[in-house]
Amino acid sequence: AQTVTQSQPEMSVQEAETVTLSCTYDTSESNYYLFWYKQPPSRQMILVIRQEAYKQQNATENRFSVNFQKAAKSFSLKISDSQLGDTAMYFCAFMKRAGTSYGKLTFGQGTILTVHP
Amino acid sequence: DVKVTQSSRYLVKRTGEKVFLECVQDMDHENMFWYRQDPGLGLRLIYFSYDVKMKEKGDIPEGYSVSREKKERFSLILESASTNQTSMYLCASSLDNRPGTPYNHNSPLHFGNGTRLTVT
């Protein structure tokens with residue numbers, strides 16, 4: 001079984017600054033995906049970024065980037081130039097790549113990020 | 001755009017009632033999921049379904065059952081609601097990602113907006 005741990009229940013950052021959210025995971029799988037989802041107050045879960053474990057290059061989506069350390073089983077999210085609209089709950093998630101995963105995701109506990117003006 | 005619709009945004013029920021939470025998706029997705037979201041615990045998988053009439057238990061199935069009679073609809077049933085089932089319930093769907101299927105198996109989940117259930 002997989003586990004995902006987010007050790008920061010809450011984080012805050014000033015607008016325009018950079019913040020990093022931490023995530024560690026435990027698995028015996030070698031092929032998998034990692035994701036960061038955002039849940040704003042509207043409750044709609046939004047995919048922020050994904051990383052394939054077999055790719056060494058860290059994924060980047062505009063102001064969002066990850067630091068994927070496979071050996072350390074660490075997957076942090078960096079948000080640059082933070083904006084007020086980034087205020088949300090952020091979830092780290094794991095998915096096995098093949099076999100009978102059926103697209104099941106295992107989620108971490110979540111980190112509430114507040115961006116202050 | 002994929003749309004996953006949950007029938008109620010807020011629901012208040014009494015202990016012992018039978019509760020149905022409905023979820024409909026409009027993109028012909030094979031997989032559907034029910035998650036429960038609680039503070040400090042994140043999202044935990046209750047049940048999922050990979051085909052009509054097919055279902056499998058997730059991590060916390062106790063006290064719940066599900067029904068998938070049609071591909072687009074996945075219902076979560078609380079046979080006898082209890083106060084410890086007060087929570088946010090999220091439905092999600094995704095395309096088939098099993099080996100041999102044509103779709104790239106890194107399809108993310110598409111979520112509904114959640115049902116906040118209070119059992120009193």
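Our structure is the block above this text.
Right, let's walk through the structure included here. Owing to the predicted nature of the structure, the values given are computational and were not obtained by experimental measurement. (Residues numbered from 1 in each chain as written. Chains lettered and ligands numbered in written order. Predicted model: local features only at pLDDT ≥ 70, side-chain atom pairs only at ≥ 80, totals over all residues. Heavy atoms only, no water.)

Topic: the packing of aromatic side chains
Counted according to the given criterion, the structure contains 16 aromatic pairs over all chains. Look at Tyr33(A) and Phe35(A): their rings are 6.3 Å apart centre to centre, the planes differ by 35°, and that puts the pair in the tilted class. Residue Tyr33(A) shares its accessibility class with Phe35(A), and that shared class is buried. Across the ring face of Tyr10(B), the terminal group of Arg43(A) is positioned such that the distance to the ring centre comes to 4.8 Å. (Phe/Tyr/Trp six-rings, centres within 6.5 Å; stacked < 30°, edge-to-face > 60°. Buried < 20%, exposed > 50% of the residue type's maximum accessible area, 1.4 Å probe, protein only. Lys NZ or Arg CZ within 6 Å of the ring centre and 35° of its normal.)

Details of the pairing of strand S10 (residues 88-96) of chain A
Residues and elements named next belong to chain A. The buried count for S10 comes to eight of nine residues, which makes it a mostly enclosed element. Across eight bridges, the pairing between strand S5 (residues 32-39) and S10 is antiparallel. Paired with Trp36 across the two strands is Cys92, which belongs to S10. For S10 and strand S12 (residues 111-116), the ladder comprises three bridges, and the chain directions are antiparallel. The residue of S12 that forms the bridge with Ala88 is Leu113. As defined by bridge partners, S10 adjoins strand S11 (residues 106-107) across two bridges and the pair is classed as antiparallel. By the bridge assignment, Ala93 is partnered in S11 with Phe107. (Helix = DSSP H or I, 4+ residues; strand = E, 2+ residues; numbered from the N terminus. Pairing = 2+ DSSP bridges.)

Describing the pattern of salt bridges
For side chains bearing opposite charge, pairing can occur when the charged atoms are close. All chains considered together, the criterion is met by 10 salt bridges over all chains. With a closest N to O distance of 4.0 Å, Glu52(A) and Lys55(A) form a salt bridge. Take Glu52(A): its relative accessible area is 12%, and that puts it in the buried class. For Glu79(B), the salt bridge goes to Lys18(B), with nearest N and O atoms at 3.5 Å. Separated by 61 residues along the polypeptide, Glu79(B) in the loop between strand S8 (73-78) and strand S9 (87-94) and Lys18(B) in the loop between strand S2 (10-13) and strand S3 (19-25) bring together distant segments of the chain. Shared partners join several salt bridges into a network, and the residues in it are Asp28(B), Glu30(B) and Lys71(B). (Salt bridge = Lys/Arg side-chain N within 4 Å of Asp/Glu carboxyl O.)

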